[in-house]
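So the chains spell out like this:
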Amino acid sequence: MADVTFTVDGKQLTAPKGTLLIEACRKAGIEIPAFCYYPGLSLQGACRMCVVRVEKMPKLQTACTTPVADGMVVTTESPEIAQARKATIELLLGNHPLDCPVCDAGGECELQDMTFKYGAHQSQFVEIKNHREEQQWSPVVYFDRPRCILCYRCVRVCGEGMDVWALGIQNRGSGAVIAPNKQDHLECEECGMCIDICPVGALTSGTYRYKTRPWEMSHVSTVCTHCADGCKTTLGVRRADDGMEIVRGDNRDKSGFNNDFLCIKGRYAFDFASREDRITQPLLKQPDGQFKPATWDEALDFAGKQLREIRDTRGGKSIGVIGSTRITNEEAYLLQKFARTVLGTNNIDHHRTADYPSFLAALKAKGQKEASIRDFADAKAILVLGSDPTEQHPLLAWQIRNNVRNNQARLYAANHQDIKLRRQATGFLKIQQENYGALIAFLAGNEKTFEGNANAAGFREALRKEESIVIAFGSEYRGRDIEALIAFGAGFPNVKFACLGDYANSRGASDMGLLPDLLPGYVPVTGAGSFMQEYGAALPQTAGMDMVQMFDAAGRGELAALYVASADPVKRFGVDPAALKNTFLIVQDMFLTETAKLADVILPAANLYEKAGTATNTYGDLQLVKKAGDKAGVRSDFDLIVRLAGHMGHDIKSLVPFGKGLLADFGQSRGTQSGEADRHAVWLTAHQLELKASPFDPFAIFDEIQRLVPAYDLPRLDLMAGNDEHLKSDLVQIQTGATRRDLVLPSNDTLFTSGTLGEYSQMLHSVMESRKQSPAETAAD
Amino acid sequence: MAAENTTIFSPQLAARFDRLVTLYPVKRSALVPMLLYAQDEIGYISDAVVAEVAQRIGITELDVRNVVSYYSLMRTKPVGKYHVQVCTNISCMLRGGNELLHHCSQRLGIGHKQTTPDGLFSLEEVECIGACSWAPAVQVNYDYHENLTPESMDKVLDQYRAKASK
Amino acid sequence: MAYLTTHPDVVPVISFRFGKGAADIDRYLELDGYKSVRKCFEMEPDAIINEVKTSGLRGRGGAGFPAGMKWSFVPKESAKPKYILVNGDESEPGTCKDRLIFEHDPHSVIEGVLIAGLAVGAKMGFIYLRGEYRFLIEIMEKAVADAYQRGFLGKGIFGTKHDFEIVVQTGAGAYEVGEESALMESLEGKRGVPRIRPPFPAVAGLYGGPTIINNAETIATVPHIFRIGAKEYAALGTERNGGTRLFCLSGHLEKPGVYELPMGYNLKKMIYEVGGGIPNGKKLKAVVPGGSSTPVLLPEEIDIGMDFDQVAKAGSMLGSGGVVVLDETVCMVEFALRTIKFYQHESCGWCIPCREGTDWLKKSLTRLHMGGAVDKDIDQIKYIADNMLGRTFCPLGDAAAMPTAAFVKKFRKEFEDHLNGKGCPYHPAPDYELATV
Ligand SMILES: Cc1cc2nc3c(=O)[nH]c(=O)nc-3n(C[C@H](O)[C@H](O)[C@H](O)COP(=O)(O)O)c2cc1C
Ligand code: SF4
Ligand code: FES
């Protein structure tokens, strides 16, 4: 829309016509206070804090409901305005319990801040305050009614933002209260957005309340470790006896693509980290089958020696490595490098939840682009094929809902279930579970399966009118179906795609080459070319065993050793424990998982919240992972891999490019082609980066990743500043066909489960328990 | 509609509701009248009323409760057979509304928002009922009684008592 | 049956059929019913609106906005259907006039809606009555059914190509729902909370369509304008205040009642002659001239004409036409308290200044009335009222603040007489708890 020019506090400003005054001012650095106004949610005009003086208007006007107009002259601070705001605060405080000393929000409360600013410091009222008891609405949501200032943010974010509509307003006047949907409790998605958005301490969280004062915490912004959407989260941590305890998760600073959004898992399910039963000492299995604590040296020595011996006697082919979808890119990269160069094996795999290789190959073949999660926030049209974003990709669902609500984006969805997002859909097509492939053929113009289906025809017709679209598809699509889908999508003048996988870094695991046939960046092991030079001649050149083949081999007694890093394949794949009887098993993990129980050596590992590095979400958005929590006695997977290599007698420098002395050789003596260190040093210099000083510095490996995987060669500074960077998907070096073995095993997680991590989250269990107890829904809702 | 067999309302009222939802551009417009007429028949807005009305209109029970709790004529607890609503707002107050309320309270032995043990009468002090020029005024259920004195109020109460024992 | 009270000065325009059985459709027709709308079928929409403008009819709901002008704001073209909404929520204390129209002349409301519909191009109307008026809803519903039966409503009304539907709607006890945007919310089945304006109802109202909202008396007056002529109607009143209106006289009067008097009728005369003066030889203490939300007038301030402009000049408002008369025995603090209790009870709770302000005013005034206040509490009460004024989301907050500020200003001495444990001089020891609503 055309720009209009207006004056605020004597400054001339311009903004697009229709912009709300409060927004236009904020953009110009003029802060107007507000309780009820919240960007993206419907307007209320209820709190009257944002009043300003607009010339020619008889009364003060609310900046939150006034669109800017040409020639408008506005004053935002004056004695009159300050008095109006002060009076409003006085009125609020009149009935407010003023229990700030024991209030969770004390210190980060908008009411406190406003009181501080406008100086309503004298209590004008002597009357008895209206009091009501506090209520618990769910395991994670508490409501302290007297503190509520009725800004309706919670009601709106729950309804408009989450499409859950579990909060309402009951009674009227001074008796008006926020109320939950089931009279005395909530039945909802437990996302905690209501708590997060509450400007005061009226809604508090079951996991955080009365635990700490905000200023006693350190705040670390990192990436959520649950689903593959990779929300940015700020973890509040504080000192504990055995390290740093995470006490809170939110994204109040609204940085990152998720803005202030987090789902139940992101917001509360960090409690696995502080469980009592975490493994905090290396354990060695005794002949009697019991585990006995050992020192690090004992355990690593034992594991290293065994591994080396097996490699040297039975060959790398007899060893398998299983990586994880919840470790950093650096760890995944290092793990495959360790497998390939130290153990000499391509027997490496991880729990695959989406067919990224086929996806990226198909994209490359058609010259198409991958969508960032950000694209869903402003796409004109969105097509979701398969998957249930509300359950499995809460952020994606949130982006789509907001885009539909605020920008009138059109959503099309096809699914074999009545997914909740269909409420936002312009077109929804219910199909048979086996027809996902046929649907693409139909959309592309082949009538067969959907012949005579009017709904399908209408769906296709509507889609054909779209010129600019983003297509997201779930694990229902693999291999050839993905190829067909991309080919169909290429018919839109403007299109981007997203392949939906399941865990925090499942994309990174795949990109970093935790695959038996593909090196980092999807370079086939059979044509390792550049990697041969980088990793040295030892690199095995035939595809290794995949996850299933490894366990089959173990069952046949052909897998002499297996190294599992932060994964529980025995449970995920239902492996018969007997199969691993004759395999030397090293497991590094947080808990005594099904797999760990079978191990000969268990190494206590840290989780994603306790380490640094990078992670890639399923849309190819790369983000920085920062260390927030800490637990005495555990080490990161990175640390453990490096140490294991060391205890095997391997030269660490060839695994991790670190240390002094390398920079000195600028290629003058041996030429840049003659050694890996030189190549690395030259690259670092060209990128104005320094060589890392420690073999345990993940950024030493990140340097190598950026150098060797072109898609990851993104501006470093931006990333370090905490911004997400979209991978250069057109540079992925994919050369693989779409005929690979399909080993995708969807996790089928819901909002309340999250693989291994979920199993160890007490909070998630208590929420699921509470849902079982609540009476069945009546037909009415 | 589908609820026909399971409705908690009389056939007449159910039929009226079926028609009511068709009168407006949106079904939800029928909500306030529906709740009020349901209350007239059932006596108050029970959980079952909330559930059925929500279903008929196609909104959540929470939505219905939000609305119910807003309007002061709607109640979620039973009242007496004859609900005596005494206005004490300004015009009535000037002409003895407070005394009338006090009188009713004495006579019935109950206070504001209470019900006699026999369930016959309940008492409520209400806001202006639009009878200011004929103050003081009282509404018993929906019937207006105006220009009252304590003596004429007694007669009114007696009439209802007699009606009940018939 | 409540009816209109007579007096020689009464000018029966809107009340001309009262007491004549006009709720019966045949009787209504005999009494020139549905003639005005037939006239309007022959007129261009703009001509209808111009007639209403000429009549000088101003809204009877409270604000006195010129009806013809309001109608002219409705856009000619609209993608969404247009609606006529009759505000019969009548809840302002001191006001009891619309009920007489519904009771005695329900068809005049229907006819008014039809004319408004023709003027703005609407095909559907709603008549919203407060829920307490159950007997009137029944009368109104019967009138609407009769009109359908005669072909005055429905498809091809009066044998023309025009269609028109009317639905009679009930409220359920909420003063705030009388506010026009809250009224629309209520009619859409929601809590009676007001809407953000703009857009104004004339542009985007009910179900998002352009909507005319008028008070029941305003609408019912329209057919009479066409019956007696716009100029003639205007001439009955004063400048810019055309015609007559129903004045509701209540409180300490010999002959309280609803009287139809010309706009601009002298207030003093209204009290002493029409209303028969103060009973029992008592002296006049104060007058609330236009419903409980209007600032109180002192006896020396009542020699004014009762039209919107003159009352405004005297520092109050004509409002909804509810004239409440107080004699010397009234405790002004108690009266102020009872007034604020109402607004506290009826605040919808949406915005802070009104929700909290009314609550605190009620608490403070209660304490003051009982003698528990000290000097600074009086200023405190005024401070709250002043800080509510003009700051609330809808005018209910003003409606609570304005009278409170006026009571304090004009009867400060009486407030002071209550202070420091003295308590109420008028009710030294009331033997009952003060009203608890
Ligand atoms: C709090 C409040 C309550 C109101 N109550 C009524 C009412 O009961 N009846 C009414 O006609 N107008 C009422 N009004 C005025 C309406 O908002 C609106 O102005 C009026 O219905 C318009 O009709 P008119 O122009 O014919 O007066 C109220 C306004 C406010 C702010
Ligand atoms: S002034 Fe505010 S709280 Fe009062 S009725 Fe209007 S919107 Fe509701
Ligand atoms: S004041 Fe009692 S009916 Fe109006």
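Residues numbered from 1 in each chain as written. Chains lettered and ligands numbered in written order. Predicted model: local features only at pLDDT ≥ 70, side-chain atom pairs only at ≥ 80, totals over all residues. Heavy atoms only, no water.

Undergrad: How should I be thinking about the overall build of chain C in this particular structure?
TA: Broken down by element type, chain C carries 17 helices and ten strands. For a compact globule of 437 residues, the expected C-alpha radius of gyration is about 22 Å, and chain C comes in at 22 Å, within 12% of that figure. Referenced to the eigenvectors of the C-alpha coordinate spread, the extents of chain C come out at roughly 75 × 45 × 35 Å. Here chain C, with 437 residues, has 67% of them falling under the buried criterion. Expressed as a percentage of contacts within chain C between residues at least 6 apart in sequence, the contacts between residues at least 24 apart total 72%. (Helix = DSSP H or I, 4+ residues; strand = E, 2+ residues; numbered from the N terminus. Rg over C-alpha atoms; globule rule 2.2 N^0.38 Å. Buried < 20%, exposed > 50% of the residue type's maximum accessible area, 1.4 Å probe, protein only. Contact = heavy atoms within 4.5 Å.)

Undergrad: Whenever I open this one, the domain arrangement of chain C confuses me. Can you help?
TA: Note: interface size is frequently given as the accessible area lost on complex formation between the parts. All names here are of chain C. Each domain of chain C was delimited in the assignment, giving domain 1 (14-235), domain 2 (244-327) and domain 3 (332-417). For domain 1 and domain 3, the distance between their C-alpha centroids amounts to 34 Å. Contacts between the two partners involve 13 residues from domain 1, matched on the other side by ten residues from domain 3. With both sides pooled, the region where domain 1 packs onto domain 3 buries about 880 Å², and carbon together with sulfur makes up 74% of that total. Our enumeration of links across domain 1 and domain 3 arrives at zero salt bridges. (Domains from an automatic or database assignment. Buried area = accessible area lost by both parts, 1.4 Å probe. Salt bridge = Lys/Arg side-chain N within 4 Å of Asp/Glu carboxyl O.)

Undergrad: Even after reading the chapter, I still don't get the packing of aromatic side chains, so can you show me in this structure?
TA: In this description, a pair of aromatic rings is defined by centroid distance and the angle of the planes. Tallied over the full model, the rule gives 37 aromatic pairs over all chains. Here the aromatic rings of Phe442 of chain A and Phe450 of chain A are separated by 5.3 Å at their centres, their planes lie at 45°, and the arrangement is tilted. Among the residues examined, Phe450 of chain A registers a relative accessible area of 5% and is labelled buried. Ring geometry for Phe9 of chain B and Phe17 of chain B: centres 5.2 Å apart, planes at 85°, overall edge-to-face. Per residue, the accessibility class of Phe9 of chain B equals that of Phe17 of chain B, and both read buried. Joined through ring pairs, the aromatic side chains of Tyr28, Tyr34, Phe41, Phe152 and Phe158 of chain C make up one cluster. When the ring centre of Tyr142 of chain A is taken as origin, the NZ or CZ atom of Arg209 of chain A, which lies over that ring, is 3.6 Å away. The side chain of Arg99 of chain C reaches across the aromatic face of Tyr144 of chain B, ending 4.9 Å from its centre. (Phe/Tyr/Trp six-rings, centres within 6.5 Å; stacked < 30°, edge-to-face > 60°. Lys NZ or Arg CZ within 6 Å of the ring centre and 35° of its normal.)

Undergrad: Would you mind showing me how to read unusual backbone geometry here?
TA: The phi torsion of most residues other than glycine is negative, and most of the peptide bonds are trans. Looking along the chain, the bond that leaves Ala135 of chain B and enters Pro136 of chain B is cis, with omega of -5°. Structurally, Pro136 of chain B can be placed in the loop between strand 3 (121-126) and strand 4 (138-140). A cis amide bond links Pro198 of chain C to the next residue, Pro199 of chain C, at an omega of 5°. Its place among the elements puts Pro199 of chain C in the loop between helix 8 (180-187) and strand 4 (211-215). With a phi angle near 60°, Lys113 of chain B is a residue other than glycine that sits in the positive phi range.

Undergrad: Would you explain the site of ligand 2 in this entry?
TA: Contacts to ligand 2 come from 13 residues, most closely from Cys348, Trp350, Cys351, Cys354 and Cys394 of chain C. Taken together, the residues of the shell around ligand 2 sort by class into eight nonpolar, four polar and one charged. (Near = heavy atom within 4 Å. Nonpolar A, V, L, I, M, F, W, Y, C, P; charged D, E, K, R; others polar.)

Undergrad: What is the right way to look at the interface of chain C and chain B in this model?
TA: Opposite the 67 residues of chain C that make contact, chain B presents 46 residues. Interface of chain C and chain B: buried area, both sides summed, is about 4,500 Å²; carbon and sulfur atoms make up 58% of it. Between chain C and chain B we count four salt bridges in total. Between Glu141 of chain C and Arg16 of chain B there is a salt bridge, with the nearest N and O atoms lying 3.9 Å from each other. Top contributing element to the side of chain C that touches chain B by residue count: helix 13 (residues 332-346) of chain C, with eight residues. Class assignment for the residues of the side of chain C that touches chain B results in 33 nonpolar, 19 polar and 15 charged.

Undergrad: How should I be thinking about the packing of helix 4 (residues 153-161) of chain A against helix 12 (residues 394-407) of chain A in this particular structure?
TA: The description of two packed helices rests on the angle between their axes and on the distance between the axes. Residues and elements named next belong to chain A. At a minimum axis distance of 10 Å, the contact between helix 4 and helix 12 shows a crossing angle of 95°. Judged on the interaxial angle alone, helix 12 and helix 4 are roughly perpendicular. Side by side, helix 4 and helix 12 meet where Val157, Glu160 and Gly161 of the first sit next to Trp398, Arg401, Asn402 and Arg405 of the second. (Axes fitted to C-alpha atoms, helices over the stretch in contact; angles between N-to-C directions. Parallel < 35°, antiparallel > 145°, perpendicular 65-115°, else oblique.)

Undergrad: Sorry if this is basic, but what is going on with the sheet that holds strand 4 (residues 61-62) of chain A here?
TA: Adjacent strands of a sheet form backbone hydrogen bonds with each other and so pair up, either parallel or antiparallel. Residues and elements named next belong to chain A. If you walk across this open sheet you meet the five strands as 2-1-5-3-4, and the pairing is mixed. The outermost strands of the open sheet, each flanked by one partner alone, are strand 2 (11-16) and strand 4. Pairing of strand 1 (residues 3-8) with strand 2, which is carried by six bridges, proceeds in the antiparallel orientation. Bridge pairing links Val8 to Lys11 in strand 2. (Pairing = 2+ DSSP bridges.)

Undergrad: Got a minute to help me understand the nonpolar core in this structure?
TA: In globular proteins that are soluble, nonpolar side chains generally tend to be buried together. Phe376 of chain A together with Trp71 of chain C are the most contacted members of the largest nonpolar core, which has 269 residues in total. Not counting residues within four places of it along the chain, the set of residues in contact with Trp71 of chain C comprises Ile48, Ile49, Val52, Ala116, Ala119, Val120, Ile212, Asn214, Ile219 and Val222 of chain C. In terms of nonpolar packing, the next biggest core, distinct from the first, is built from 102 residues, Leu307, Val321, Phe359 and Ile431 of chain A among them. (Core = buried A, V, L, I, M, F, W, Y, C linked by side-chain atoms within 4.5 Å.)

Undergrad: Looking at this structure, how should I read the sheet that holds strand 30 (residues 621-625) of chain A?
TA: Residues and elements named next belong to chain A. Read across the sheet, three strands follow the order 29-30-32 without closing on themselves; strand pairing throughout is antiparallel. The sheet is open, and its two borders are formed by strand 29 (613-616) and strand 32 (725-726), each paired with just one other strand. With four bridges connecting them, strand 29 and strand 30 associate as antiparallel partners. Bridge pairing links Ala615 to Gln623 in strand 30. Along the sheet face, helix 8 (residues 329-343) touches strand 29 and strand 30 and points at about 95° away from the line of strand 29.

Undergrad: Where do I start with helix 6 (residues 106-120) of chain C in this structure?
TA: Because an α-helix completes one turn every 3.6 residues, residues spaced three or four positions apart along the sequence face the same direction. All names here are of chain C. An ideal rise of 1.5 Å per residue puts 21 Å on 15 residues; helix 6 measures up with 22 Å between its terminal C-alpha atoms. Most of helix 6 is tucked away: 15 of the 15 residues are buried. Looking one or two places after helix 6, you find Gly121, whose phi comes out positive at around 85°. (Expected span 1.5 Å × (residues − 1).)

Undergrad: Help me understand the packing of helix 2 (residues 79-95) of chain A against helix 15 (residues 375-388) of chain C, please; the structure alone is not making it clear to me.
TA: Packing of helix 2 of chain A against helix 15 of chain C leaves a shortest axis separation of 10 Å and a crossing angle of 120°. Judged on the interaxial angle alone, helix 15 of chain C and helix 2 of chain A are oblique. Where helix 2 of chain A crosses over helix 15 of chain C, the handedness of that crossing is left-handed. Along its contact with helix 2 of chain A, which presents Gln83, Ala87, Glu90 and Leu91 of chain A, the element helix 15 of chain C presents Tyr383, Ile384 and Asn387 of chain C. Here the residues of the contact of helix 2 of chain A with helix 15 of chain C sort into four nonpolar, two polar and one charged. (Left-handed = near helix turned anticlockwise from the far one by under 90°.)

Undergrad: Looking at this structure, I do not really get the site of ligand 1. What am I missing?
TA: Residues and elements named next belong to chain C. Taken together, the neighbourhood of ligand 1 is formed by 20 residues, with Gly61, Asn87, Asn214, Asn215 and Thr218 sitting nearest. The contact in question runs from an oxygen atom of ligand 1 to an N or O atom on the side chain of Asn87, over 2.8 Å. The separation between an oxygen atom of ligand 1 and a polar main-chain atom of Ser91 is 3.4 Å. Relative to its free-state accessible area of 600 Å², ligand 1 is covered by the protein chains to the extent of 90%. Among the elements that make up the shell around ligand 1, the one with the highest residue count is strand 4 (three residues). Of the residues contributing to the shell around ligand 1, the split by class is four nonpolar, nine polar and seven charged. (Polar contact = N/O pair within 3.5 Å; in protein donor to acceptor, adjacent residues only side chain to side chain. Areas by Shrake-Rupley, 256 points an atom, 1.4 Å probe, with all protein chains shown as cover.)

Undergrad: I'm lost on the environment of Leu361 of chain C in this one. Help?
TA: Residues and elements named next belong to chain C. You can see Leu361 is positioned in helix 14 (residues 352-369). Here the alpha-carbon distance between Leu361 and Lys382, two residues 21 residues apart in the chain, equals 9.1 Å. Residues within four places of Leu361 in sequence aside, it is in contact with Ile340, Ile381, Ile384, Ala385, Met388 and Thr404.

Undergrad: Help me understand the confidence of the model for chain A, please; the structure alone is not making it clear to me.
TA: All names here are of chain A. Confidence along chain A averages 92 in pLDDT terms, with 95% of residues attaining 70 or more. Throughout residues 663-674 the model reports pLDDT below 50, and contacts reaching past four residues in sequence, or to other chains, amount to 13 contacts. Counting interchain partners and residues more than four positions distant, the pLDDT-below-50 stretch residues 776-781 has eleven contacts. (pLDDT = per-residue confidence, 0-100.)

Undergrad: What is the right way to read helix 8 of chain C from this model?
TA: The element helix 8 of chain C is largely enclosed, with a buried count of seven among its eight residues. Burial in helix 8 of chain C covers these residues: Ser181, Ala182, Leu183, Met184, Glu185, Ser186 and Leu187 of chain C. Among the structural elements, helix 2 (31-42) of chain B together with strand 1 (83-88), strand 2 (124-129), strand 3 (165-170) and strand 4 of chain C are those in contact with the buried residues of helix 8 of chain C. Just downstream of helix 8 of chain C lies Gly189 of chain C, where phi reads positive at about 85°.

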